[in-house]
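Fold and contact review
Listed below are the residues making up each chain.
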Amino acid sequence: MLFGLIVACEVAFWVLLGAGLAVRYLLRRRRLGGLLLLAVPLVDLVLLVASVADLRNGGRAEFTHGLAAAYLGFTIAFGHDMVRWADVRFAHRYAGGPPPDRRKRYGRERARYEWRAWGKGMIGWAVACGLLLAGVVFIGDLERAAALLEWAGRLTFAMVVWLVFWPLACTVFPTRAPLDTRRPRDARESHHDRVPHNAGEQS
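Calculation criteria
- Residues numbered from 1 in each chain as written.
- Predicted model: local features only at pLDDT ≥ 70, side-chain atom pairs only at ≥ 80, totals over all residues.
- Heavy atoms only, no water.
- Patch = residues over 30% accessible without salt bridge, like charges linked within 9 Å, V, L, I, M, F, W, Y side chains within 5 Å.
- Areas by Shrake-Rupley, 256 points an atom, 1.4 Å probe, with all protein chains shown as cover.
- Salt bridge = Lys/Arg side-chain N within 4 Å of Asp/Glu carboxyl O.
- Helix = DSSP H or I, 4+ residues; strand = E, 2+ residues; numbered from the N terminus.
- Buried < 20%, exposed > 50% of the residue type's maximum accessible area, 1.4 Å probe, protein only.
- Bend = angle between axes of the 7 residues up to and from the residue.
- pLDDT = per-residue confidence, 0-100.
- Contact = heavy atoms within 4.5 Å.

Here's the deal with a nonpolar patch on the surface
On the surface, a nonpolar cluster with roughly 520 Å² of combined accessible area is contributed by L42, L45, L48, V49, V52 and F138. Along the chain, the position of L45 falls in helix α3 (residues 40-56). Look at L45 and you get partly exposed, because its relative accessible area is 47%.

Pasting the structure below:
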């Protein structure tokens, strides 16, 4: 049941987001569209209440309870970015807004981008683990809450892998832009601007 609710919340997130953007840009009703977008976080609240109610009956925590905590944590961390990502593209397509940034990042810029993304992921990890530990305290029995502790371990392992293979890797081994995208050399170094060896010789 809880897994179905998680799926329903994910669907509701995108439905509310799409409805809010459509009302804002297609119907030109910015206030109503803003209200629909503000309703997006309520989806997370519904899932949180349902998870607590499911555990309140004294049952054992299951895989889906940990999944719900992970979903809530990372939705809180990345939900705003997802809304902004969709808003920029919708505004560009239907309201003449500026095009989205599609440039590829290399070198230090790519490393900074990966560190910022990982930092947001850590916010999601912290929120999710906080919810998981709160669930352990709420249940009051480590045996019945074992599934929640396992999820805390999974998320921690995932964040370590993310750290090693993206931010650290891009910092230690920075990617280089292809030759055709690099800046041209200074005009003084250009082959065409060099002075011939016999330029000062008399004919």
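Having seen it, we continue.
Details of helix α4 (residues 63-94)
At F78, α4 is deflected by roughly 50°, the largest bend along its length. Just past α4, the residue G96 takes up positive phi, approximately 70°.

Structural notes on the environment of W162
One can find W162 in helix α6 (residues 146-172). W162 sits in the partly exposed class, given a relative accessible area of 21%. In this structure, the C-alpha to C-alpha distance between W162 and W118, residues 44 residues apart in sequence, is 7.3 Å.

Some words on the confidence of the model for the protein
Per-residue pLDDT for the protein has a mean of 89; in total, 88% of the residues score no lower than 70. Here α3 stands out as the least confident element of the protein, with mean pLDDT 91; α6 is the most confident, with 97. Within the model, the stretch residues 185-203 combines pLDDT values under 50 with 2 contacts to residues more than four positions away or in other chains.

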